[in-house]
Amino acid sequence: MFSCDVLRFWPREQLIRKFFAASLLLLMLFSIFLFEILISENKRFSKEIEGNRETKQEPYIGTKAKPRSLHQSDIPQEDSDIFYVDSEPKNVVADDQLQIVTSHPVKKLPNVLIIGVKKSGTKVLVEFLKIHPDVSAPANEIHYFSRNFHKGLDWYRRQMPVSIGNQIVIERTRGYFVHKDAPLRISLQIPNARLIVVVRNPVLRSLLDYTSQCVRNKSKVSFLENFFWNNITGFIDMSRDFVQTSMYVKFMENWLSYFKLEQFHFVNGDMLYKNPSLELSKLETFLNLRNMISSDHFFYNTSIDALCIKKYECQGRSRCFTENKLKYRPPSYLVRRLRDFFHPFNEKFYKQTKQHFSWNI
């Protein structure tokens, strides 16, 4: 080992030549190293392409480890009503109920539609159904078959939540029931759909519908002026939308022109708050779901006068729902006239649906 002082006696030109020679040697060694890496990667990539040609898969390019793909038998076969969330299978996904599962996430068209009726408990029903692990449903109404039909079926599919495995997808839009074109449109695009109709006493439903419109429009509540054609004859004004919607038999005639009665299930909205487990048990049977929702899932909160869903680990907090009740007391004369008015329509509706709701008692 020479001391640094020795370098002073070496010629300057000789030092420069030795420095460049050493640098060139290091550059050559580094180039050889890179060349070997490129050769190795090229061979690996060529083998992968040949293997993917045999299995008809796209080559995976990247520096990270290739994600594990599920076995072909584990992946649902793509159909016209399925939209895959990603091109590669995901091993772990979370659905809208915060349940962690292992499967292939898909967005598909709904199997079940809650088509109405307004002010009968449709929102509460879909929230209760979400308790079931085999049910997936969007948070809001989609209105595809009424006001958004022009956006197309692909748009409708993208509005659906992620569903896993054998989960059924339920979409709720209460305006479908009274929309004249909705039955035809649904029959063309989802002909085998199962349809849920939530109905309640037509007299109470009409009064609730009217008062809610007054609150929304900030208008004065006047029962006699808005329900009667005139106060002298006492005839009910059938042109009012809150009266027409409660004439269930008229709208069901349109629906039964495109669907069989066996595709419908009618939920008693008056009993949905009083005995939810009974109504949901009937619905589970209709949807071929496992009987899992029971009275243990609910409790009544007397402090806020509301029916609540118990909190579970997979849910954020307890959710409570208050029953729609009249905030304004209607005249007894109007209630009697409405009961008489709806009586013949109710009787026809009972025969039409082969189900009795005891609204005329």
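Right above here is the structure, for reference.
Quantities reported herein were computed from a predicted structural model and do not represent experimental measurements. (Residues numbered from 1 in each chain as written. Predicted model: local features only at pLDDT ≥ 70, side-chain atom pairs only at ≥ 80, totals over all residues. Heavy atoms only, no water.)

Structural notes on the state of the cysteines
A covalent bond bridging the sulfur atoms of two cysteines is what the word disulfide describes.
Phase 1: This model, assessed by the stated rule, comprises one disulfide.
Phase 2: The partner cysteine of Cys308 in its disulfide is Cys320, sulfur to sulfur 2.0 Å. Between Cys308 and Cys320, the S-S torsion sits near 105°, and that sign places the bridge as right-handed. Pair noted here: Cys308 is in strand β11 (residues 306–309) and Cys320 is in strand β12 (residues 319–321), with a separation of twelve residues, a long-range link.
Phase 3: For Cys308, a relative accessible area of 0% translates into the label buried.
Phase 4: Overall, the relative accessible area of 34% leaves Cys320 in the partly exposed class. (Disulfide = S-S within 2.5 Å. Helix = DSSP H or I, 4+ residues; strand = E, 2+ residues; numbered from the N terminus. Buried < 20%, exposed > 50% of the residue type's maximum accessible area, 1.4 Å probe, protein only.)

Here's the deal with the pattern of salt bridges
Phase 1: On inspection of all chains with the given rule, the structure shows 14 salt bridges.
Phase 2: Between Glu141 and Arg174 there is a salt bridge whose closest N-O contact spans 3.6 Å. Of this pair, Glu141 sits in the loop between β6 (135–136) and α3 (153–158) while Arg174 sits in the loop between β7 (168–172) and α4 (182–189); the two residues are 33 residues apart in sequence, bridging distant segments of the chain.
Phase 3: Classification of Arg174 by relative accessible area gives partly exposed; the value is 32%.
Phase 4: The network of salt bridges with common partners includes Lys118, Arg205 and Asp209. (Salt bridge = Lys/Arg side-chain N within 4 Å of Asp/Glu carboxyl O.)

Concerning the pairing of β7
Phase 1: Burial analysis of β7 places five of its five residues in the buried class, which makes it a mostly covered element.
Phase 2: Neither face of β7 is left uncovered, since the one carrying Ile168, Ile170 and Arg172 and the one carrying Val169 and Glu171 both have all their residues buried.
Phase 3: Where β6 and β7 come together, two bridges link them in parallel fashion. Counterpart to Ser136 in the pairing with β7 is Val169. (Pairing = 2+ DSSP bridges.)

Considering unusual backbone geometry
Phase 1: Cis geometry is adopted by the peptide bond preceding Val117, which originates at Gly116 and carries an omega value of 10°.
Phase 2: Tracing the backbone shows Val117 in the loop between β5 (112–116) and α2 (122–129).
Phase 3: A positive phi angle, close to 60°, is found at His143, a residue other than glycine.
Phase 4: Tracing the chain through its elements places His143 in the loop between β6 and α3.
Phase 5: Judged by relative accessible area, His143 falls into the buried class, the value being 14%.
Phase 6: The phi dihedral of Lys218 falls on the positive side, at around 55°, and the residue is not glycine.
Phase 7: Note that Lys218 resides in the loop between α5 (202–217) and α6 (223–227).

A closer look at the pairing of β11
Phase 1: Alternating residues of β11 divide into Ala306 and Cys308 and Leu307 and Ile309, and every residue in both groups is buried.
Phase 2: Note that strand β10 (residues 298–301) and β11 share four bridges and pair antiparallel. For Phe298, the partnering residue across the bridge sits in β11 and is Ile309.
Phase 3: As consecutive antiparallel partners, β10 and β11 are separated by four residues, and within that stretch Asp305 has a phi angle of approximately 55°, a positive value.
Phase 4: Sheet topology note: the β11/β12 ladder contains three bridges and is antiparallel. In the strand pairing of β12, Cys308 is matched with Cys320.

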